[in-house]
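Remarks on the overall topology
Chain residues, written in single-letter form:
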Amino acid sequence: MKILGHRGASAEAHENTLEAFTRAFELGADGVELDVRRTKDGALVVHHDAAVVTGRLIVESNEMEVPLYVPHLEAALEVCPGLVNIEIKNVPIDPDFDPEERVAAGVVALVRRLKIADRVVVSSFGLAAINAVRAADPSIATGWLTISAYDQLQALGTVVEHGHGAIHPHHTTVTAELADAARDAGVVINTWTVDDPVEMRRLADLGVNAIITNDVALAVQTVRP
């Protein structure tokens, strides 16, 4: 089972920073998960919330106006030697929602330019975002993030219908039935956000592909032989 640092090694460093990503790999993570948004002038930057701490929306800020601790996606990818789960933040309730899916297009262009499709998976709660990625370049792995309220088996059917290779459910919704159904469908399960060692072992026993965790050191200690 792979271990991905949630926004990097966020238990030890400020989340979604180059330091957090570097530290995750130092601790033994197989990869990291990070969030991407778009500035007013089209730069792709790594930040979870739509606004920075001052309250200003990233989408209303030019590239040079974003705080220095917020890295460009390209810089983040360059410091990560392993797998990177790029989460596109774009759903209709977001204040920076973009129905044109320009972040998806930008991510595809960057992954192609850096030639790293073999170590990237693009995920989103917005099905349209990962559909746009898959339409632009089917060689880039995609996974649908699902909230706990969904019927996960129905969500798995949607994943298969749209040709995505992974489902990313909350760990509390991962059951033996879901794990078996995903395996039969050839879909991997990457689950979030798991910080309890008992739960880590349960998910490993179910055969999930990856856990996303804030505590990389604990995960390595718990699930590595």
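Look up a bit, the structure's there.
Let me begin by describing the structure that accompanies this report. As the structure is a prediction and not an experimental result, all values here were calculated from the model. (Residues numbered from 1 in each chain as written. Predicted model: local features only at pLDDT ≥ 70, side-chain atom pairs only at ≥ 80, totals over all residues. Heavy atoms only, no water.)

**Here's the deal with the overall build of the chain**
Secondary structure summary: the chain contains eight helices and nine strands in total. Taken against the 2.2 N^0.38 rule, which gives 17 Å for 225 residues, the C-alpha radius of gyration of the chain at 17 Å falls within 12% of a compact globule. A principal-axis box enclosing the C-alpha atoms of the chain has dimensions of 45 × 35 × 35 Å. Approximately 9,900 Å² of the chain is accessible, and the part contributed by carbon and sulfur atoms is 53%. Put simply, the chain has 18 plus and 32 minus side-chain charges, and the middle of one group is 4 Å from the middle of the other. (Helix = DSSP H or I, 4+ residues; strand = E, 2+ residues; numbered from the N terminus. Rg over C-alpha atoms; globule rule 2.2 N^0.38 Å. Areas by Shrake-Rupley, 256 points an atom, 1.4 Å probe, with all protein chains shown as cover. Lys, Arg positive; Asp, Glu negative; His and termini not counted. Charge placed at Lys NZ, Arg CZ, Asp CG, Glu CD.)

**As for helix α3 (residues 102-114)**
Between the first and last C-alpha of α3 there are 18 Å, a value that for 13 residues agrees with the 18 Å anticipated at 1.5 Å per step. Next to the buried residues of α3 lie β2 (31-38), β3 (44-46), α2 (73-79), β4 (83-88), β5 (120-124) and α4 (127-136). (Expected span 1.5 Å × (residues − 1). Contact = heavy atoms within 4.5 Å.)

**Observations concerning the pattern of salt bridges**
Taken as a whole, this structure holds 14 salt bridges when the rule is applied. We note a salt bridge from R102 to D98, for which the minimum N-O separation is 3.0 Å. Looking at R102, the relative accessible area reads 38%, which means it is partly exposed. On the accessibility criterion, D98 (8% relative accessible area) is buried. The closest approach of N and O atoms between R202 and E199, which form a salt bridge, is 2.8 Å. Within this pair, R202 and its partner E199 are both found in helix α7 (residues 197-206), separated by three residues, close to a single helical turn. R202 gets classed as partly exposed once you look at its relative accessible area, which sits at 31%. The structure contains a network of salt bridges with shared partners spanning R7, E15 and D35. (Salt bridge = Lys/Arg side-chain N within 4 Å of Asp/Glu carboxyl O. Buried < 20%, exposed > 50% of the residue type's maximum accessible area, 1.4 Å probe, protein only.)

**Things to note about the pairing of strand β6 (residues 141-146)**
Extensive coverage of β6 is indicated by the burial of five of its six residues. Crossover β5 to β6 through α4 is right-handed. Note that β6 and strand β7 (residues 166-169) share four bridges and pair parallel. Bridge assignment links L145 to a residue of β7, and that residue is H168. One crossover worth recording links β6 to the parallel β7 by way of helix α5 (residues 152-161), and it is right-handed. (Right-handed = clockwise from strand over helix to strand, strands pointing away. Pairing = 2+ DSSP bridges.)

**Things to note about the packing of aromatic side chains**
The full count for this structure, using the stated rule, is two aromatic pairs. Ring centres 5.8 Å apart and planes at 90 degrees place the aromatic pair F125 and W192 in the edge-to-face group. Here W192 lies in the loop between β8 (188-191) and α7 and F125 lies in the loop between β5 and α4, a separation of 67 residues in the sequence. For the pair W144 and Y150, a centre-to-centre distance of 5.5 Å together with 40 degrees between the ring planes defines the contact as tilted. (Phe/Tyr/Trp six-rings, centres within 6.5 Å; stacked < 30°, edge-to-face > 60°.)

**A few points about α5**
Every buried residue belonging to α5 is among Q152, A155, L156 and V159, and all of these are buried. Taken end-on, α5 shows its buried residues confined to a sector of 105 degrees, consistent with a single buried face. For α5, the exposed residues lying more than 90 degrees away from the buried face are Q154 and E161. For α5, the secondary structure elements touched by its buried residues are β6, β7 and α6 (176-185). (Arc of directions from axis to C-beta.)

**Side note on unusual backbone geometry**
For R7, which is not glycine, the phi dihedral falls at a positive 55 degrees. According to the relative accessible area criterion, R7 is buried, its value standing at 15%. Non-glycine residue N16 carries a positive phi angle of around 55 degrees. Residue position: N16 is located in the loop between β1 (2-6) and α1 (18-26). On the basis of relative accessible area, N16 is assigned to the buried category, the value being 3%.

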